[in-house]
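# Overview (structure and organization)
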Amino acid sequence: WEAATLHDFQIEPLFNATMHLIVLLGVFAALLFVVAAGPRAETAPGVGAVHAGKFAQARRLLRKEAEAGNVSAQYYLGVLLIDGTGGPRRSVEGQRWRLSAAEAGDPGAQYRVGVQLLRGGGVDVDKRAALRWFEAAASQGFAEAKFNLGFMHANAIGTPRSFQEAFRWYVSAASEGHAGAQYN
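Report follows, based on the coordinates. Values in this document were obtained by computation on a predicted structure and should not be read as measured data.

### Concerning the overall build of the protein chain
- A count of helical and extended segments in the protein chain gives ten helices and zero strands.
- Helices and strands in the protein chain line up, N terminus first, as α-α-α-α-α-α-α-α-α-α.
- Every one of the 184 residues in the protein chain was classed for burial, and the buried ones make up 35%.
- Counted over contacts in the protein chain with a minimum sequence separation of 6, partners at least 24 positions apart contribute 39%.
- Here the protein chain has roughly 11,400 Å² of accessible surface; of this, 60% comes from carbon and sulfur atoms.

### Concerning the environment of Gly150
- Note that Gly150 resides in helix 8 (residues 143–154).
- In this structure, the C-alpha to C-alpha distance between Gly150 and Ala166, residues 16 residues apart in sequence, is 3.9 Å.
- Ignoring any residue separated from it by four or fewer positions in sequence, one finds Gly150 in contact with Ala166, Trp169 and Tyr170.

### A short note on the side chain of His153
- Tracing the sequence through the fold places His153 in helix 8.
- Given the relative accessible area of 7%, His153 is considered buried.
- Contacts of His153, omitting those with residues within four sequence positions, involve Leu131, Thr159, Pro160, Arg161, Ser162, Glu165, Ala166 and Trp169.

### Re the side chain of Lys146
- One can find Lys146 in helix 8.
- On the basis of relative accessible area, Lys146 is assigned to the buried category, the value being 8%.
- Beyond its immediate sequence surroundings of up to four residues, Lys146 is in contact with Ala138, Gly141, Trp169, Ser172, Ala173 and Glu176.

Parameters and conventions
Residues numbered from 1 in each chain as written. Predicted model: local features only at pLDDT ≥ 70, side-chain atom pairs only at ≥ 80, totals over all residues. Heavy atoms only, no water. Helix = DSSP H or I, 4+ residues; strand = E, 2+ residues; numbered from the N terminus. Buried < 20%, exposed > 50% of the residue type's maximum accessible area, 1.4 Å probe, protein only. Contact = heavy atoms within 4.5 Å. Areas by Shrake-Rupley, 256 points an atom, 1.4 Å probe, with all protein chains shown as cover.

This is the structure:
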């Protein structure tokens, strides 16, 4: 009686066929995701103008796109208006656009609204509301929001002190590569 080997059972061809099928299914799933997602908001002309540094042009394009409901355009227009980039500073209008993007689920906008509520700067300081906006951004994987949540829980800012919650948020932010969280 001899010991059987993997080659005796012809497992390698079955394994290779299975791996090919898995790869093909993965490619198919990726294509379905791209088709279902439709055109990405970041491909909007206004956002492209921002990335190209053409800020005056970006403001004009972004306004049309933002009014049409493009969430990325709302966020970028808000930033340009608040900072006065590419034209006159219009903080109140910019805050409205950024809040609109945050309410529509943009994690970057949610984070920035949280920062603004935490620091003030044109709005009343509301630490509990800031915490809620950071939680919204963190739930979408926004590492900086997770780090801020860790800091807020550790220092009882807008929430009772909880080192357990702080640790959880710091670990989550660190696992996404946030350098500050990796040293807490």
